[in-house]
Structure formats: structure tokens, C-alpha cells
Amino acid sequence: MKDFTKGTALFAVGTLFGSIGFKLLASKDAKKAYVHTVAAGLRFKDEAMKTATSVQEGAADILASAKELNEERVAKEVAEEEAMEILDQEEVEE
């Protein structure tokens, strides 16, 4: 009988606390807090997206500069090879 009474009392207390908790979570103040929390999350998301876009643009600029540098390097190497070939041909002709 003691276990039944103890179990019933625990059930009643749990139900009471659950009801109180539900009412607190559904109150106007709690809803106001939820709205402010979600709004802050949205602001954070917007700032994170701005930062990500800025980083992507910077990375694109770096990539373009790197490609340009490599093209200039290849052009310089080709010009040097052509100059060496011309010098080699002049030496052979002499």
C-alpha cells in the first residue's frame, strides 16, 4: 500500500510541476523572450552570411591574382626559352 501511495503522490507532484512549467513556457513573457532569442539568431545569421560573402570575394580576388601571376610566369619562361633557342641558332650559324 505504501508503494501505491508513494507512486500516486509522485505522479500528482509531477503532473503539478508539468502544468506549472507548461503555463510558464506559454506565458506572454516567455513568448517575448522566444521572439527576442529568435530575432537575435536571425541577426547573427545575417552577419555570418555577410562575413562568408566577404571571405568568398576575397578568395576569388586571390585566386584571380594567382592565375594572373602563373600566366605571367609561363609567358616569361616561354620568352626565355625562345631567346635561348635564338642564341643557340646564332651560335650554330657562326
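Owing to the predicted nature of the structure, the values given are computational and were not obtained by experimental measurement. (Residues numbered from 1 in each chain as written. Predicted model: local features only at pLDDT ≥ 70, side-chain atom pairs only at ≥ 80, totals over all residues. Heavy atoms only, no water.)

Visitor: When you look at the overall build of the protein in this model, what are you seeing that I'm missing?
Guide: If you tally the helices and strands in the protein, you get two helices and zero strands. A compact globule built from 94 residues should have a C-alpha radius of gyration of about 12 Å, whereas the protein, at 37 Å, is more than 25% larger. Counting only C-alpha atoms, the protein reaches 120 × 35 × 5 Å along its principal axes. Scored against the burial criterion, the 94 residues of the protein give a buried share of 1%. Of the roughly 8,900 Å² of accessible surface on the protein, a fraction of 65% belongs to carbon and sulfur atoms. (Helix = DSSP H or I, 4+ residues; strand = E, 2+ residues; numbered from the N terminus. Rg over C-alpha atoms; globule rule 2.2 N^0.38 Å. Buried < 20%, exposed > 50% of the residue type's maximum accessible area, 1.4 Å probe, protein only. Areas by Shrake-Rupley, 256 points an atom, 1.4 Å probe, with all protein chains shown as cover.)

Visitor: Even after reading the chapter, I still don't get the environment of E47, so can you show me in this structure?
Guide: Turning to its location among the elements, E47 is positioned in helix α2 (residues 28-93). Sequence-wise, E47 and L87 are 40 residues apart; in three dimensions their C-alpha atoms are separated by 60 Å.

Visitor: Quick question: what am I supposed to make of the pattern of salt bridges here?
Guide: When charged atoms on two side chains of opposite charge get close, those side chains can pair. Across all of its chains, the model carries one salt bridge by this definition. For the salt bridge of K50 with E47, the shortest nitrogen-to-oxygen distance reads 3.5 Å. Here E47 and K50 lie together in helix α2, a separation of three residues that amounts to about one turn. The exposure class assigned to K50 is exposed, which follows from its relative accessible area of 52%. The class of E47 is partly exposed, set by a relative accessible area of 46%. (Salt bridge = Lys/Arg side-chain N within 4 Å of Asp/Glu carboxyl O.)

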